[in-house]
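Survey of secondary and tertiary structure
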Amino acid sequence: MKTEDVRTVVKEKYGQAALRAKSGAGNACCGGSAADGCCDPITSNLYDAAQAGELPELAVSASLGCGNPTALAELNPGETVLDLGSGGGIDVLLSAKRVGPTGKAYGLDMTDEMLALAAENKEQSGLTNVEFLKGEIENIPLPDNSVDVIISNCVINLSADKDRVLKEAFRVLKPGGRFAVSDVVVRGSVPAAVRKSMELWVGCVAGALSDLDYVAKLARAGFDNIDIEPTRVYGLADAKGFLTSSGIDADEVATQVEGKFVSGFIRATKPSSAACCGPSCCA
């Protein structure tokens, strides 16, 4: 599947998701129809009432993630955080609160509609240590060694060039910086029909790496201390929902995917001894 083809479909679907959220239709269920219930097991109940109450309603309604990286990532006052594929900005705003006024939270997204929604949410939040950037996660528009923590919420699986994403993440992290993302991973083999479904690329499923591949790619990018912690395991009923919404015969393949898709919290570290990639770390 060509990188540009995937990027075009993802951009279109998430642009539509932002417009639906702004119109009051709620999130777009990983880019499909909210009425289908297509990804409810993946996107639902990720943020507790206290967290949701801290944020603009639009930021919560536009969330299309598969986990809550801000609940599991270690964030300290004064740190710089980057959210890859920040969407409506929910994880950026939560991170900004945790790093405080001496820290900074960046959000990176390629979709104009999501960036407009994020800007509105930032204004409503009153936070001043937030900045949203337009760009692709395969080409992060930040300098080498400039970020303490990278988070992401069910976005890396949407990229057709995950090796490039992880290399870019490694580049912008400071030595000793942390990679702490929520993503969908696959345990074992998956039917070809699922992998070939373009809608499922947008639905947080078909682009998912196996857990072993994810670990191998992180290691190849230079990371160490790699760990994948399952946070949700999707069963037969969950699989039927998102397969049927994409035109796949759920009864035919559901038993082959039961328990194979997992939302996981993926941790890794850029070694403290990593070579200096630019003047900022050598000053």
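Note that this is a predicted model, so its numbers are computed, not measured.

What counts and how
Residues numbered from 1 in each chain as written. Predicted model: local features only at pLDDT ≥ 70, side-chain atom pairs only at ≥ 80, totals over all residues. Heavy atoms only, no water. Phe/Tyr/Trp six-rings, centres within 6.5 Å; stacked < 30°, edge-to-face > 60°. Helix = DSSP H or I, 4+ residues; strand = E, 2+ residues; numbered from the N terminus. Buried < 20%, exposed > 50% of the residue type's maximum accessible area, 1.4 Å probe, protein only. Lys NZ or Arg CZ within 6 Å of the ring centre and 35° of its normal. Contact = heavy atoms within 4.5 Å. Core = buried A, V, L, I, M, F, W, Y, C linked by side-chain atoms within 4.5 Å.

**Brief notes about the packing of aromatic side chains**
According to the stated counting rule, one finds two aromatic pairs in the structure shown. Both rings, one in Phe179 and one in Phe223, keep their centres 5.4 Å apart while their planes meet at 50°; by these two values the pair is tilted. A residue pair is termed long-range when its members are at least 10 positions apart, and Phe179 in strand 5 (residues 173-186) and Phe223 in the loop between helix 11 (211-221) and strand 7 (224-233) qualify at 44 residues. Classification of Phe223 by relative accessible area gives buried; the value is 5%. Here a set of aromatic residues connected by ring pairs shows up, and it is made of Phe170, Phe179 and Phe223. Sitting over the face of the ring of Phe170, Lys270 holds its NZ or CZ atom 4.8 Å from the ring centroid.

**Focus: the environment of Ser95**
Its location among the elements puts Ser95 in helix 6 (residues 90-99). You can call Ser95 buried: its relative accessible area is 0%. Once the C-alpha coordinates of Ser95 and Val81 are considered, the two residues, 14 residues apart in sequence, prove to be 7.2 Å apart. Among all residues touching Ser95, those that are not within four sequence positions of it are Thr70, Leu75, Val81, Ala105 and Ile151.

**Observations concerning the nonpolar core**
Within the largest apolar cluster, 29 residues are counted, with the highest numbers of intra-cluster contacts made by Leu82, Ile150, Phe179, Tyr214 and Phe223. When residues of this core are traced back to their parent elements, those giving at least two are strand 1 (80-84), strand 2 (104-109), strand 4 (147-152), helix 8 (162-172), strand 5, helix 11 and strand 8 (261-269). In terms of residue count, the dominant contributor to this core is helix 8 (five residues). Excluding residues that lie within four positions of it along the chain, Ile150 makes contacts with Leu82, Leu84, Ala169, Val172, Leu173, Arg178, Phe179, Ala180 and Val181. In terms of nonpolar packing, the next biggest core, distinct from the first, is built from 14 residues, Tyr234, Ala239, Val253 and Val257 among them.

**Brief notes about unusual backbone geometry**
Positive phi, close to 55°, is recorded for Asn145, a residue that is not glycine. One can find Asn145 in the loop between strand 3 (130-134) and strand 4. Here Asn145 falls in the buried class, since its relative accessible area comes to 5%. Phi is positive for Cys154, close to 60°, though the residue is something other than glycine. Its location among the elements puts Cys154 in the loop between strand 4 and helix 8.

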